[in-house]
Amino acid sequence: MLLRGGLVADGIGATTVPADVLIDGQVIAAIGFRGTPAGCEVIDLAPGSVVCPGFIDAHVHAEGPLLAAGRVDGELAQGVTTLVVGQDGQSWIGATAATARYLNQYFAPVNGILDPADDLSVAGYRAAVAGRLTQNVAILASQGTIRHNVAGLAGGPLGASERAAARREVESALTDGAVGLSSGLDYLPSRFGGAQEVADIARPLAGAGRPYVSHLRAYGQDVGSGLDELMAVGRGAGVRVHASHLWGAPADIGAALRSADAAGIGVTFDMYPYRVSSTILASLLLPPGLQARGPEHTLAALADPRQRAALLTQEKFTDQFLHNVYLGCLPAHAEEFAGQPVTEAAARSRRSAGEWVLDLLIDAGLNVGAHLDRPTLTDSDLAWLASSQRHCAGSDGIYQGRHPHPRGYAAFARLTGHYLSSGRATGYQQAARHLAANAADVYGLRDRGRLAPGMAADICVIGPDGLTARATYAAPREEATGADLVIVNGAVAWRDGQPVTTRFPGKVVS
């Protein structure tokens with residue numbers, strides 16, 4: 001296949017260059033090729049089209065959609081050819097049946113439900129999606145999942161035998177092709193693991209050259225302490241570290257990164273270009289201690305008059321806080337409230353917003369997702385993060401429920417616009433690095449993320465008008481436009497605004 005007449009942003013040079021790209025099978029054969037080999041399909045690109053490496057989503061909750069459909073159209077429409085899943089330490093990939101049942105109750109608004117809830121190793125997931133993928137998937141082992149496998153919801157430090165068992169699970173996941181280990185220190189039971197324990201479990205990453213990836217214990221005004229803990233794990237395990245969806249004051253983040261450099265700890269991060277976050281509603285509102293014994297005990301506590309009264313005195317159950325909490329994933333009978341702030345949804349009842357949202361959590365069995373506006377996170381903060389050479393594009397896309405966050409459908413298009421503010425010639429090269437090459441480096445995907453002979457033929461062709469984000473908070477599922485052609489492992493996967501459904505070129509990559 002010959003892509004003819006485009007400008008190439010290879011993720012290596014400083015500016016785009018006019019060049020044809022020759023693909024042979026699953027790899028790039030040549031860039032700057034002249035002539036047309038016999039039997040070659042020629043695709044003449046519209047003048048002004050830019051040929052980029054297929055984008056890599058460094059942080060996305062897509063294991064459910066990929067298992068169900070083999071692709072995520074909202075990502076394909078933006079040129080994303082590889083998705084890194086197993087994030088935040090809470091994936092049912094790598095879970096025992098008991099852990100999968102727990103995650104189906106606790107984390108379903110983010111990752112969806114594994115049905116039937118059964119043992120599912122990394123190798124098992126690879127087998128389940130084999131021959132059915134349109135996009136590539138890279139898998140992280142998940143620390144919270146592994147901790148639940150070996151100790152359930154037991155609090156306190158793991159014992160020596162439990163740590164050894166957890167290490168063996170990390171080793172097994174790496175053998176099966178995992179690209180690192182994630183944690184989610186806001187969530188349970190991931191939260192129970194301290195820095196020393198996590199470092200001990202993470203030691204197998206060092207020999208494999210893979211990173212420790214963490215949803216930090218603290219962000220915003222406390223981001224310094226969150227990054228300090230991340231560095232402690234990196235130092236203790238002797239590994240590179242990566243901060244998930246990093247945010248906070250640039251001065252605080254910059255100081256922590258300089259300290260890491262001085263200590264010789266490699267640090268990278270991902271972030272999406274939105275002020276609003278998204279997660280499970282229970283995590284946003286409820287104290288961790290209330291959830292420490294599992295979903296059934298949490299629900300019982302929410303129905304207990306004394307515990308309920310105590311919750312309603314807390315700041316997170318005031319109208320001032322709940323006005324910034326927007327409902328996302330909801331059970332079918334409550335979908336009319338999707339997209340509304342809690343205060344607006346509660347206004348139809350005679351209860352306070354705090355009482356209403358507690359009843360919603362009980363009624364839904366905790367299966368509610370929500371978005372939180374963070375007014376202290378400014379556009380200049382987001383621009384500073386996106387401009388860092390340590391930054392990878394990560395949508396943190398969640399695809400559950402009627403009203404997901406638009407970041408899963410527009411983050412890459414919005415980021416492309418940010419980099420093009422410096423001009424198309426240099427901007428597309430910056431986009432190629434932040435949206436593809438940097439993530440490939442973080443996860444050790446050595447044959448992806450750049451355009452060069454011998455590299456995998458994962459390619460995004462952006463039309464002359466550029467990528468345009470169309471998803472909004474009001475209409476979060478609108479697909480981006482402008483990716484004229486998306487190629488995965490040498491096969492066309494997206495064309496004319498539609499997925500190609502006759503071939504399945506994606507694979508589990510490592």
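Here's a quick rundown of the structure. (Residues numbered from 1 in each chain as written. Predicted model: local features only at pLDDT ≥ 70, side-chain atom pairs only at ≥ 80, totals over all residues. Heavy atoms only, no water.)

A closer look at the overall build of the protein
Within the protein, the secondary structure is distributed over 21 helices and 25 strands. Over its C-alpha trace the protein gives a radius of gyration of 22 Å, about what one expects of a compact globule, namely 24 Å for 510 residues. In terms of overall dimensions, the protein has a C-alpha envelope of 80 × 55 × 45 Å along the principal axes. Buried residues in the protein amount to 60% of all 510 residues. Total accessible area computed for the protein in this model is approximately 18,200 Å², and 51% of it derives from carbon and sulfur atoms. Between the mean site of the 40 positive side-chain charges and the mean site of the 48 negative ones, the protein shows a separation of 3 Å. (Helix = DSSP H or I, 4+ residues; strand = E, 2+ residues; numbered from the N terminus. Rg over C-alpha atoms; globule rule 2.2 N^0.38 Å. Buried < 20%, exposed > 50% of the residue type's maximum accessible area, 1.4 Å probe, protein only. Areas by Shrake-Rupley, 256 points an atom, 1.4 Å probe, with all protein chains shown as cover. Lys, Arg positive; Asp, Glu negative; His and termini not counted. Charge placed at Lys NZ, Arg CZ, Asp CG, Glu CD.)

With respect to the packing of helix 6 (residues 143-151) against helix 7 (residues 160-175)
Geometrically, a packed helix pair is captured by the angle between its two axes and the distance between the axes. The N-to-C vectors of helix 6 and helix 7 enclose an angle of 130°; their axes lie 9 Å apart at closest approach. Taken together, the axes of helix 6 and helix 7 are oblique relative to one another. Helix 7 is crossed by helix 6, and the crossing has right-handed handedness. Across from I146, N149, V150 and A151 in helix 6, the residues of helix 7 making contact are E162, A165, A166, E169 and V170. Residues that form the contact of helix 6 with helix 7 fall into these classes: six nonpolar, one polar and two charged. (Axes fitted to C-alpha atoms, helices over the stretch in contact; angles between N-to-C directions. Parallel < 35°, antiparallel > 145°, perpendicular 65-115°, else oblique. Left-handed = near helix turned anticlockwise from the far one by under 90°. Contact = heavy atoms within 4.5 Å. Nonpolar A, V, L, I, M, F, W, Y, C, P; charged D, E, K, R; others polar.)

So, the pairing of strand 5 (residues 27-31)
Here is the key point about a regular strand: its side chains alternate between the two faces of the sheet. Where strand 4 (residues 21-24) meets strand 5, four bridges bridge the pair, whose relative direction is antiparallel. Bridging across to strand 5, D24 finds its partner in V27. Hairpin connection, strand 4 to strand 5: the antiparallel pair is bridged by two residues, and G25 has positive phi, about 70°. (Pairing = 2+ DSSP bridges.)

Considering the sheet that holds strand 5
Ordered in space as 5-4-1-6, the four strands form an open sheet in which the pairing is mixed. A strand with exactly one partner marks an edge of an open sheet, and here the two such strands are strand 5 and strand 6 (42-44). For this sheet, the mean inter-axis angle between neighbouring strands, taken without regard to orientation, is 20°. In this structure, strand 1 (residues 2-4) lies alongside strand 4, joined through two bridges in antiparallel fashion. What sits directly across from L2, in strand 4, is L22.

Concerning helix 14 (residues 295-303)
Turning to helix 14, its buried residues are P295, T298, L299, A301 and L302. Down the axis of helix 14, the buried side of the element spans an arc of 160°, and every buried residue falls inside it. (Arc of directions from axis to C-beta.)

Examining the pairing of strand 11 (residues 136-139)
Residues of strand 11 alternate between two faces, with N136 and A138 on one and V137 and I139 on the opposite face, all of them buried. One ladder, built from four bridges, connects strand 10 (residues 80-85) with strand 11; its direction is parallel. In the strand pairing of strand 11, V84 is matched with A138.

What about the sheet that holds strand 2 (residues 7-8)?
What the seven strands build is an open sheet, ordered 3-2-7-22-23-24-25; its pairing is mixed. Two strands in the sheet have a free side with no partner beyond their single neighbour: strand 3 (17-18) and strand 25 (498-499). Both strand 23 (residues 483-488) and strand 24 (residues 491-495) contribute to a ladder of four bridges, which runs antiparallel. Its bridge partner lying in strand 24, L485 is registered against R495.

Things to note about the nonpolar core
Residues F55, L66, W92, L181, Y212, L227 and L246 are the most contacted members of the largest nonpolar core, which totals 102 residues. The biggest single contributor to this core is helix 20 (residues 407-420), with seven residues. Apart from the residues lying within four places of it in its own chain, the contact partners of W92 are E63, G64, L67, A100, L103, N104, N111, G112, I113, L114, L120 and Y125. Counting 33 residues, the second-largest nonpolar core is a separate cluster that includes L281, L286, L290 and A301. (Core = buried A, V, L, I, M, F, W, Y, C linked by side-chain atoms within 4.5 Å.)

Regarding the environment of G193
Locating G193 in the fold gives a position in the loop between strand 13 (181-184) and helix 8 (195-202). Exposure remark for G193: the relative accessible area of 0% places this residue in the buried category. When the C-alpha positions of G193 and G155 are compared, they lie 8.5 Å apart, and in sequence the two are 38 residues distant. In this view, G193 contacts Q143, R147, L185, V198, R217 and E229; residues no more than four positions away in its chain are not counted.

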